[in-house]
Amino acid sequence: MKAVLAALFSGALFGIGLAIARMTDPVVVIGFLDVFGDFDPTLAFVLLGATMTTAVAFHFVTRRPRPIAAADFQLPATRTIDLPLVLGAAIFGVGWGLAGYCPGPALVGAGAGAETALLFVPAMIAGGLAHRLVAVRLNRWSASPEIPASRA
Amino acid sequence: MNSWFVALLGGVVIGLSASALLLFNGRIAGVSGIVNGLTRRSAGAEWAWRAAFIAGLVSAGGLAMHLLHQATASPARLPVLLLAGVLVGFGTSLGSGCTSGHGVCGLGRFSRRSFVAVLTFMASAIVTVLLTHHLFGGAA
C-alpha cells in the first residue's frame, strides 16, 4: 500500500512539474526543437533543473541498502550502445518533432482533456504494442521483450 | 517571473518526483517504460505501482494545466498526429526509454546509453522540425 501511495505521489509531482515547465504545450516544445528557425531555448532549463536534481539525489538514494517501500532497486543493467537503442531513439525523435508530444506530456495533456493528446495517446500505446509484436518475431533485432520495462 | 526560472523550477519538481520514485519504490521514472509495463502481464505489485504513477501523472498534471490556464494543442494535422503517436510508442519501446527515462533519470545516473539516446532523439527531433517547418513549408 505504501508503495502504491508513493508511486501515486511521484506521478502527481511529475505531472505538476511538466505543467509548470510548459513541457505540456506542444507549441513550446516545437519552438525548443526549432533550432534553425524561431528557436526558444527555455526548455533547456527544464532538463538542466531535472538532471541537476536527479544527479545529486540518485547519488544518495542508491547508497541505501534498499528503497523505503520496495524490496530492491531495479536499475537498468544493460551497458552496451546497440542498434535498438540508437534506432529507437531516432524513431522516437521523429514522432516527438512531428507532434511536439513525448509520452509524459501527452498523458498529462490527455488528463487535461486536450483533444490532440487524447488522439495521440492511443496511437502511442498502439506503437509500443506493435514494437513488442515485432520484437517477439525478430528476437535478435531487438532485446528480448521479457526485459523489465524499467530498463531505461 | 522569468520564463527560464519557471522552466528551471519545473525541472527541479520533475527531478524530485523521479528521486522520490527511486527512494520509495526503487524504480526509474521512465514514463514510456511504465506505460508499456501496464500493457503486459506482470505481477500484481508491479502493475499496481505503475498504474498509481500514471493515475497521479494524468490527474494532477491535467489539473495543474487547468489551474495554470495552459493551452495544449498540437499543431500537427490528424494523420500526422496519429503517425507521430505510433512512432513515439514504437521508438521508445525499441530504444528502452524516452525524455524521462533516458533524459531525466538516465543523465542523472551518468548512463552512457542514455547520453547516446538523448543526443540521438534530440538530433532527430531537431531535423524533423527543420524539414517539416522550413523545407516543406509547415507540412505538419
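Residues numbered from 1 in each chain as written. Chains lettered and ligands numbered in written order. Predicted model: local features only at pLDDT ≥ 70, side-chain atom pairs only at ≥ 80, totals over all residues.

Trainee: Tell me about the overall build of chain A, and please be specific about residues and values.
Mentor: Looking only at helices and strands, one finds six helices and zero strands in chain A. Judged by the C-alpha coordinates and their principal axes, chain A covers about 45 × 40 × 30 Å. Expressed as a percentage of its 152 residues, the buried residues of chain A come to 53%. Partitioning the intrachain contacts of chain A with sequence separation of at least 6 by distance along the chain shows that 45% fall at a separation of at least 24. (Helix = DSSP H or I, 4+ residues; strand = E, 2+ residues; numbered from the N terminus. Buried ≥ 20, exposed ≤ 12 C-beta atoms within 10 Å, placed from the backbone. Contact = placed C-beta atoms within 7 Å.)

Trainee: Mind laying out the packing of helix α3 (residues 44-61) of chain A against helix α5 (residues 99-108) of chain B, listing which residues take part and the relevant values?
Mentor: Orientation of α3(A) relative to α5(B), taken along the N-to-C sense of each, is 40°, at an axis distance of 7 Å. Taken together, the axes of α3(A) and α5(B) lie oblique to each other. Crossing of α3(A) against α5(B): the hand is right-handed. Residue-level inspection shows A:Leu47, A:Ala50, A:Thr51, A:Thr54, A:Ala55 and A:Phe58 of α3(A) in contact with α5(B), the latter providing B:Gly103, B:Val104, B:Cys105, B:Leu107 and B:Gly108. For the contact of α3(A) with α5(B), a count of residues per class yields seven nonpolar, four polar and no charged. (Axes fitted to C-alpha atoms, helices over the stretch in contact; angles between N-to-C directions. Parallel < 35°, antiparallel > 145°, perpendicular 65-115°, else oblique. Left-handed = near helix turned anticlockwise from the far one by under 90°. Nonpolar A, V, L, I, M, F, W, Y, C, P; charged D, E, K, R; others polar.)

Trainee: I'd like to hear about the environment of B:Gly61, residue by residue, with values.
Mentor: Counting through the fold element by element, B:Gly61 comes out in helix α3 (residues 44-67). What B:Gly61 contacts, discounting residues up to four positions off in sequence, is A:Gly15, A:Ile16, A:Leu18, A:Ala19, A:Val108 and A:Gly111.

Trainee: Outline α3(A), listing residues and values.
Mentor: The first and last C-alpha atoms of α3(A) sit 25 Å apart over 18 residues, in line with the 26 Å expected at 1.5 Å per residue. Among the residues of α3(A), those classed as buried are A:Phe45, A:Val46, A:Leu47, A:Gly49, A:Ala50, A:Thr51, A:Thr53, A:Thr54, A:Phe58 and A:Val61. Those residues of α3(A) that are buried lie in contact with α1 (2-21) of chain A together with α1 (3-25) and α5 of chain B. (Expected span 1.5 Å × (residues − 1).)

Trainee: Describe the interface of chain B and chain A, and please don't skip the residues or the numbers.
Mentor: Counting from both sides, the interface comprises 110 residues of chain B and, opposite them, 104 residues of chain A. Elements with a minimum of two residues in the side of chain B that touches chain A: α1, α2 (31-38), α3, α4 (78-94), α5 and α6 (112-135) of chain B. Here the element with the most residues in the side of chain B that touches chain A is α1(B); it accounts for 22 residues. Looking at the side of chain B that touches chain A residue by residue, the class counts come to 61 nonpolar, 45 polar and four charged.

Trainee: Tell me about the confidence of the model for chain A, residues and numbers included.
Mentor: Segments scoring low in pLDDT should not have their predicted coordinates read at a detailed level. Considering every residue of chain A, the mean pLDDT works out to 91; 91% of them sit at 70 or more. Ranking the elements of chain A by mean pLDDT puts helix α6 (residues 115-137) of chain A last with 95 and helix α5 (residues 103-111) of chain A first with 98. (pLDDT = per-residue confidence, 0-100.)

Trainee: Lay out unusual backbone geometry with the relevant residues and their values.
Mentor: Positive phi, close to 65°, is recorded for A:Arg22, a residue that is not glycine. Looking at where A:Arg22 falls in the secondary structure, it is placed in the loop between α1 and α2 (26-33). A residue is classified by how many C-beta atoms lie within 10 Å of it, and A:Arg22, with 25 of them, is buried. If you check the backbone angles, B:Ser96 has positive phi at about 55° while not being a glycine. Mapped onto the elements, B:Ser96 comes out in the loop between α4 and α5.

Trainee: How would you explain the nonpolar core if you had to name every residue and give the values?
Mentor: Counting residues in hydrophobic clusters, the biggest one holds 90 residues, and the most contacted among them are A:Ala106, A:Leu107, A:Phe120 and B:Phe121. Residue contributions to this core peak at 12 residues, all from α1(A). (Core = buried A, V, L, I, M, F, W, Y, C linked by C-beta atoms within 7 Å.)

Trainee: So, α5(B): which residues are in play, and what are the values?
Mentor: Counting buried residues in α5(B) gives nine out of 10 residues, a clear majority hidden from the surface. Within α5(B) the residues assigned to the buried category are B:Thr99, B:Ser100, B:Gly101, B:His102, B:Gly103, B:Val104, B:Cys105, B:Gly106 and B:Gly108. Buried residues along α5(B) sit against α3 and α5 of chain A together with α1, α2 and α6 of chain B. Looking one or two places after α5(B), you find B:Phe110, whose phi comes out positive at around 55°.

Trainee: Kindly report on the confidence of the model for chain B, identifying the contributing residues and their values.
Mentor: Looking at chain B as a whole, its pLDDT mean stands at 93, while 96% of the residues score no less than 70. The complex model carries a pTM of 0.92, and its ipTM stands at 0.94.

Trainee: I'd like to hear about the packing of α5(A) against α2(B), residue by residue, with values.
Mentor: The geometry of a pair of packed helices is captured by two quantities: the angle between their axes and the separation between those axes. Orientation of α5(A) relative to α2(B), taken along the N-to-C sense of each, is 65°, at an axis distance of 8 Å. Comparing the axis directions of α5(A) and α2(B) gives the class roughly perpendicular. On α2(B), the residues touching A:Pro103, A:Gly104 and A:Leu107 of α5(A) are B:Val31, B:Ser32 and B:Val35. Split into classes, the residues belonging to the contact of α5(A) with α2(B) amount to four nonpolar, two polar and no charged.

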